[in-house]
Amino acid sequence: MPIRVRFAPSPTGVLHIGSVRTALFNWLFARHNGGEFLLRIEDTDKLRSTYENTKLIFEILEWLCIDWDGNPVIQSERLERHKEVAFELVNLGKAYYCYCSSEELALKKEKALKSGMQYKYDGTCREKIGKIEGKTPVIRLKTNFDGDTTVHDMVQGEVTVKNSQLDDLVLLRSDGSPTYMLSVVVDDHDMDITHVIRGDDHLTNTFRQLQIYEACGWKAPDFGHIPLIYGPDGAKLSKRHGAASARDYQGLGYLPETIFNYLLRLGWSHGDDEIISRMDAIRWFDFDNVGKSPSRFDMMKLQNLNAHYIKERDNKSLLDYIIPFLGCEISDIQQGNILKGMNSLKEREKTAVGLAMSARIYISAPDTFDEPCQKYSSKIHLSLLEKVVHIIDEMDPLVEESLCNSVKLLAEKNNIKLVEIAQAMRGALCGKLTSPSVFEIIEILEKEESIKRIRSFINHFETRF
RNA sequence: GUCUCCUUCGUCUAGUGGUUUAGGACACCGCCCUUUCACGGCGGCAACACGGGUUCAAAUCCCGUAGGAGAUGCCA
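Rules used in this analysis
Here the residue index of a chain counts from 1 through its sequence in written order. Each chain gets a letter, beginning with A, and each ligand a number, beginning with 1, in the order they are written. pLDDT decides what is reported in this predicted model: residues at 70 or higher carry local features, side-chain atom pairs at 80 or more are listed and counted, and totals for whole chains, interfaces and linings draw on all residues regardless. Hydrogen atoms and water are omitted, and side-chain values are computed over all heavy atoms in the structure. Stacked, tilted and edge-to-face pairs are distinguished by plane angle, under 30 degrees for stacked and over 60 for edge-to-face with tilted covering the rest, among Phe, Tyr and Trp rings (Trp via its six-membered ring) whose centres lie within 6.5 Å. A helix here means a DSSP run of H or I that spans at least four residues, while a strand means a run of E at least two residues long, and both kinds are numbered starting from the N terminus. Buried residues are those whose accessible area, probed at 1.4 Å on protein chains only, stays under 20% of the maximum for their type, while exposed residues exceed 50% and partly exposed ones sit between those limits. Whether a charge sits over a ring depends on NZ of Lys or CZ of Arg being within 6 Å of the ring centre and within 35 degrees of the ring normal. Salt bridge, as applied in this entry: a Lys or Arg side-chain nitrogen positioned within 4 Å of an Asp or Glu carboxyl oxygen. Strand pairing requires that DSSP identify at least two bridges connecting the strands. The angle between two axes is taken between their N-to-C directions and runs from 0 to 180 degrees, where each axis is a line fitted to C-alpha atoms and a helix contributes only its stretch in contact. Residues enter patches when their relative accessible area tops 30% and they take part in no salt bridge; the joining distance is 9 Å for like charges and 5 Å for the nonpolar side chains Val, Leu, Ile, Met, Phe, Trp and Tyr. All accessible areas in this document rest on Shrake-Rupley with a 1.4 Å probe, and a residue is counted as covered only by the protein chains that are shown. Charge assignment in this entry is limited to Lys and Arg as positive and Asp and Glu as negative, and neither His nor the chain termini are counted. Where a charge lies is defined by one atom per residue type: Lys uses NZ, Arg uses CZ, Asp uses CG and Glu uses CD. Nearness of a residue to a molecule or strand requires only that one of the residue's heavy atoms be within 4 Å of it. Pairing of N or O atoms within 3.5 Å defines a polar contact, subject to two protein rules: one partner must be a possible hydrogen donor and the other a possible acceptor, and residues neighboring in sequence count only if both atoms are side-chain atoms. With respect to orientation, any angle under 35 degrees is reported as roughly parallel, any angle over 145 as roughly antiparallel, any angle of 65 to 115 as roughly perpendicular, and every other angle as oblique. Handedness of a helix crossing follows the sense of rotation of the near helix relative to the far helix, less than a right angle counterclockwise being left-handed and clockwise being right-handed. When checking whether two residues touch, look at their non-hydrogen atoms; a contact exists if any pair is within 4.5 Å. For this classification, the nonpolar set comprises Ala, Val, Leu, Ile, Met, Phe, Trp, Tyr, Cys and Pro, the charged set comprises Asp, Glu, Lys and Arg, and every other residue, Gly included, is treated as polar. With strands facing away from the observer, any crossover in which the path from the first strand over the helix to the second runs clockwise is taken as right-handed.

Participant: Help me understand the packing of aromatic side chains in this model?
Facilitator: Here the distance between the centres and the angle between the planes together describe a pair of aromatic rings. For the structure on display, the rule yields 13 aromatic pairs. For the pair Phe369 and Phe461, a centre-to-centre distance of 5.8 Å together with 45° between the ring planes defines the contact as tilted. With Phe369 in the loop between helix H13 (352-359) and helix H14 (379-394) and Phe461 in helix H17 (residues 438-462), this pair connects stretches of sequence that are 92 residues apart. Considered together, Phe369 and Phe461 belong to a single accessibility category, that of buried residues. Linked through ring pairs, Phe25, Phe29, Trp268, Phe285 and Phe287 together constitute an aromatic cluster. Sitting over the ring of Phe145, Lys120 keeps its end group 4.9 Å from the ring centre.

Participant: Any chance you could explain the pattern of salt bridges here in plain terms?
Facilitator: The final tally for this structure, using the stated rule, is 24 salt bridges. Between Lys83 and Glu80 there is a salt bridge whose closest N-O contact spans 3.6 Å. Highlighted residues: Lys83 and Glu80, both in helix H3 (residues 79-91), separated by 3 residues, approximately one helical turn. Each of Arg6, Arg40, Glu42, Arg78, Arg81, Glu84, Asp187, Asp188 and Asp190 takes part in salt bridges that share partners, so that together they form one network.

Participant: What exactly am I supposed to notice about the sheet that holds strand E5 (residues 138-141) here?
Facilitator: Pairing between sheet strands relies on hydrogen bonds along the backbone, with the strands arranged either parallel or antiparallel. If you walk across this open sheet you meet the 3 strands as E4-E5-E8, and the pairing is antiparallel. Lying at the two open borders of the sheet, with one neighbouring strand each, are strand E4 (95-98) and strand E8 (170-172). Recorded for the sheet is a direction-independent mean angle of 45° between the axes of neighbouring strands. Relative to E5, E4 runs antiparallel, the two being bridged by 4 bridges. In the sheet register, Ala95 faces E5, and the bridge partner there is Leu141.

Participant: Is there a simple way to explain a negative patch on the surface in this structure?
Facilitator: A surface patch of like charges, here negative, comprises Glu400, Glu401, Glu443 and Glu446. Elements that contribute at least two residues to the negative patch include exactly helix H15 (400-413) and H17. Within the element layout of this structure, Glu401 appears in helix H15. A relative accessible area of 64% means that Glu401 is categorised as exposed.

Participant: What should I look at first to understand the protein's contact with RNA strand B in this one?
Facilitator: Among the 64 residues in the neighbourhood of RNA strand B, the closest are listed as Arg173, Tyr230, Gly267, Arg348 and Arg426. Each atom of RNA strand B within 4 Å of the protein was classed as base or backbone; sugar and phosphate made up 68%. A distance of 3.0 Å separates a sugar or linking oxygen of RNA strand B from a polar atom in the side chain of Thr204. Between Ser435 and RNA strand B, the recorded distance is 2.7 Å, taken from a backbone N or O atom to a base nitrogen. For the surface near RNA strand B, the leading source of residues is helix H16 (residues 418-430), giving 5 residues.

Participant: Would you explain the packing of H15 against H16 in this entry?
Facilitator: The description of two helices packed together rests on the angle between their axes and the distance between the axes. Between H15 and H16, whose axes approach to 8 Å, the crossing angle comes to 125°. Here H15 lies oblique to H16, going by the angle between them. Between H15 and H16 lies a crossing of right-handed hand. Only Leu418, Ile421 and Met425 of H16 make contact with H15, whose side of the interface consists of Val407, Lys408, Leu410 and Ala411. For the contact of H15 with H16, a count of residues per class yields 6 nonpolar, no polar and 1 charged.

Participant: I tried to follow the side chain of Glu42 on my own but got confused; where do I start?
Facilitator: Looking at the secondary structure, you find Glu42 in the loop between strand E2 (36-41) and helix H2 (51-63). Note on Glu42: relative accessible area 7%, which makes it buried. A polar side-chain atom of Glu42 sits 2.8 Å from a polar atom in the side chain of Arg40. Beyond its immediate sequence surroundings of up to four residues, Glu42 is in contact with Ala8, Pro9, Ser10, Pro11, Gln75, Tyr180 and Val184.

Participant: How do you make sense of the pairing of strand E1 (residues 4-7) when you look at a structure like this?
Facilitator: For a regular strand, side-chain orientation follows a simple rule: the groups alternate between the two sheet faces. Two strands pair when backbone bridges link them, and E1 and E2 are joined in this way by 4 bridges, in the parallel orientation. Across the sheet, Arg4 pairs through a bridge with Glu36, a residue of E2. Regarding topology, helix H1 (residues 17-32) serves as the crossover connection from E1 to the parallel E2, and that connection is right-handed.

Participant: How should H13 be read in this particular structure?
Facilitator: Note: α-helices contain 3.6 residues per turn, so residues at a spacing of three or four share the same orientation. Of all the 8 residues making up H13, 6 are buried; the element is thus mostly covered by neighbouring parts of the structure. Looking at H13, one finds that the buried residues are Ala352, Gly354, Leu355, Ala356, Ser358 and Ala359. Looking at the buried positions of H13, the neighbouring elements they touch are helix H10 (299-312), helix H11 (315-326) and helix H12 (332-346).

Below is the structure:
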């Protein structure tokens, strides 16, 4: 039987980066084994599910090139089927109507907790037969409490739970809607899912779901529960840690290939390999090398990886990538200039946001000169800049190397270190003291713009004297 | 409380009884390169949670303890 897996996010919140990893592992498992990767939107919680969140799931998966087979299954469209199964189980005597009110149960639960007892549904309605008119029941599964259940988890290994630990879970709510437990089992079965790969938080749910499979007489799929992702403090990764949703990382300027590689390495390894291509990931992925322990999200490592992938991307594709981050329209000439300077720009930036910021030097002259720049605005510096302007003006053709040599000569003649002139030039051209080579910038900006910027720096500070 | 899972440098991890003075990566520190910031190169710091077993031999197997996480919903 060919392998069929699914990614089943719920659109009740923005897609979590941990969910993205679950999707990735499912996808890799399918692609590695030549199986199918299906998508199911679990939108049965109508109140909290939104169209935006659903759209986001598609967008993020597409962004990461995690493609799914066939059309996504929309869980809410399958409500009738879920109900049908619930009623069938009642007819089969495997489930029953329960008329206990949530208030009653809450009370019992509170009491049990107070006395330090384990709370379980006490089975009040278990042996009652039939319906009571005028009351809306829930449907509960008649759990088999005998013996124990063992799952052979692809990640966690053998896990055994005593069935007596379980209780009669609700399959259908009093409003007639199916619970998550019922829906997943029915859908996974109907979709012919062979392997359920999901977050660790579902491990104990598995034993409840296995009871449903049993009651329906269905063969259960294999399971793989991958550990969750935590924040730097060891608690579940959330907004509190700065960024928890996949969209956040996109907005922070991380490339899809970075997220792909980082998430893959978080909890999975292939010897000492750190940089892993999509092709190799598909070739190498297996569950033997998925770790059992939860991992913390490390921003610094993510950044380092991103820097790597920025350097690896070709310049044109990087330019296209950063345009939305620029927040302004740019002309063809400006685009051309950024492209010319891209080699130097990209080797010093860690994110698309940073890259866009530094690319601004090719879009417009600085409108302010930051504090450190002003150190290079003394009379001496300004007079040297005048000379630099002269050099630029005279030079034809204006090329980086000869310009550099001329300025070096100028520094020697004036018995001053090159860094003094270079930094003043940097301040004038960029408004800040970090940038690629000033000589490269001038070559790209060309004579007129370079001189204009340096002159404007001189004028700006000259007024002080 | 009960049940389940987890535990190698600060972090991600390699390691599946002897090849290990426990390897790599990020971070950190130092040096080199250098017109700044980066990049890059070289070097350094740094870990088997604890206690018992099993064994000629244990990070690796077993049992406890401690710590952490998850589940315990008419949420998913």
